[in-house]
Amino acid sequence: MTAEERLTKNWIQKWRQHGRFPFKFVIHAALTAACTALVFMQTLDQTPYHVASYSTFYNVFFPAAFQYQGDYVASPFYVHTIDEVKSSVGHAIESYYTFPNKSINQYAIPGPPTMTVYSYMNCKEVYDTEQSVVDTRTSSASYPLSMSSWGPLGNRTSPPDASLLQDVFFCMEHMTLDFVYSTVHLEFQRPIRYVWYVQMYFDNNVQGGRMPVTLNLKKSPVSSLSYSKLAHVAKIMLDLAVIGLCIASQVLSWLSLAKSWKIFQKTRRIVQREARLTWDQLPFRTKMRFFNMWFVITIVGNLCAILGCVLDLVMDVDSEAGYIPKLLLGLGTLLIWVNMARYLEFDPKYTVLISSLTRGFPNTLRFLIGSIPIFVGFALF
């Protein structure tokens, strides 16, 4: 196979005309299937359970007028007065104790909820306008909660002194209510007990006359494995398979890049020796034809998938940082699927979208750069 054929022919032409077996295509197809199976295995059973649980806890702890939007990060509600805070706290405590008796599924209460108030250690400085820099360190105080005791808020029948209660809010940086539920979820025909940690977060840091209230949710499996033994072994095997296929794909990509670099250097010497124009006079697009730009997507996708699988093997996926391996694996799977489009280049009919984006992207980018000053000026007007 000549250098020109190596650069211009697609993988099917090289296979049919020169008998070059498409190892990269086979490995990439197997890698795509393995990553997809791993993503489905991690999310197929968990996703409906997570969505349903988030919706349930918002329905339990937030006021009835609150409309859950499906995105817990962007779903706060606001309180403006002390009475609204007390009403929200009382509603949350009452719902926490009464929900297990009304729920259509089994929920258990391991222990009483707690309230933690984080207050400025030097509260007077916060309101002293003569101070140029104030001490914003906080100290915390925790209180066990019950139907008849709301910590420093008292309760419905015996509220504390209004001025003393107002001082509590004046010095408050934020406040949390922590609840714990225990429930059972059937995963791959195996019952798994989960402990859900539900935290209501009252943020008083802005001091704008209102406090946004958000819900922070975290779950932890009580069982040693969140999968059945067979599913757990299959998950480990898929992790190892993805790592092995990514390494093989990476090696083949580097070998292909090394061959392209040799052809690039050889062509450069020929142009400088025999052609009338110098190498620097060649257009940049012409020089880049010696290299396959899919190489960048391959490298990034493989690295993300490898890191995601390695972290998935060594980390607890239900920990606070458990989203990191899922995020890396999801990004890697996205790039690996995008990279599959390169193997459709043997027929231009299948790559109309890619060809259109390649040709139109420079003009679109120039248009966006030119319109940014106008857009920013209009947004700041």
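By convention here, each chain's residues receive numbers from 1 onward along its written sequence. Given that the model is predicted, a residue must reach a pLDDT of at least 70 before its local features are reported, and side-chain atom pairs must reach 80 or more before they are shown or counted; all residues, however, enter totals for whole chains, interfaces and linings. Side-chain descriptors were evaluated using all non-hydrogen atoms of the structure, hydrogens and water having been removed beforehand.

(A) Region of the structure containing the overall build of the protein chain. Helix and strand counts for the protein chain come out as 12 helices and seven strands. Taking all 381 residues of the protein chain together, the buried fraction comes to 35%. The criterion used for residue contact is that any of the two residues' heavy atoms lie within 4.5 Å. Of the contacts formed within the protein chain by residues at least 6 apart in sequence, a portion of 67% connects residues at least 24 apart. Accessible areas in this description were obtained via Shrake-Rupley with a 1.4 Å probe; residue shielding takes into account the shown protein chains only. By element, 62% of the accessible surface of the protein chain is carried by carbon and sulfur atoms, the whole surface being about 23,100 Å². Helix and strand definitions here come from DSSP, where helices need a minimum of 4 consecutive H or I residues and strands a minimum of 2 consecutive E residues; each element is numbered from the N-terminal end. Each residue is assigned to one of three classes by its accessible area relative to the maximum for its type, calculated with a 1.4 Å probe on protein chains only: buried under 20%, partly exposed between the two thresholds, exposed over 50%.

(B) Structural view of a nonpolar patch on the surface. Side chains of Val233, Ile236, Met237, Leu240, Val310, Leu313 and Val314 sit close together on the surface and give an oily, nonpolar patch of about 600 Å² of accessible area. A total of four residues in the nonpolar patch trace back to one element, the largest contributor, which is helix 8 (residues 229-274). Within the secondary structure, Val314 sits in helix 10 (residues 294-314). Residues forming no salt bridge and having over 30% relative accessible area are the ones grouped into patches, like charges within 9 Å of each other and nonpolar side chains (Val, Leu, Ile, Met, Phe, Trp, Tyr) within 5 Å. Any Lys or Arg side-chain nitrogen located within 4 Å of an Asp or Glu carboxyl oxygen qualifies as a salt bridge.

(C) Region of the structure containing the pairing of strand 3 (residues 114-120). With five of seven residues buried, strand 3 is to be regarded as a mostly interior element. Being paired, for any two strands, means DSSP has found at least two bridges between them. Pairing of strand 3 with strand 4 (residues 138-144) involves seven bridges; the strand directions are antiparallel. Bridge pairing in strand 4 links Tyr118 to Ser140. Bridge count for strand 3 against strand 5 (residues 172-187) is six bridges, and the pairing is antiparallel. For Thr114, the partnering residue across the bridge sits in strand 5 and is Asp178.

(D) Summary view of unusual backbone geometry. Notably, Gln207 is not glycine yet its phi reads approximately 55°, a positive angle. By the element assignment, Gln207 lies in the loop between strand 6 (190-203) and strand 7 (211-221).

(E) Here's a closer look at the environment of Gln42. With respect to the secondary-structure elements, Gln42 resides in helix 3 (residues 23-43). Note on Gln42: relative accessible area 6%, which makes it buried. As for Gln42 and Lys235, which are separated by 193 residues in sequence, their C-alpha atoms are 8.5 Å apart.

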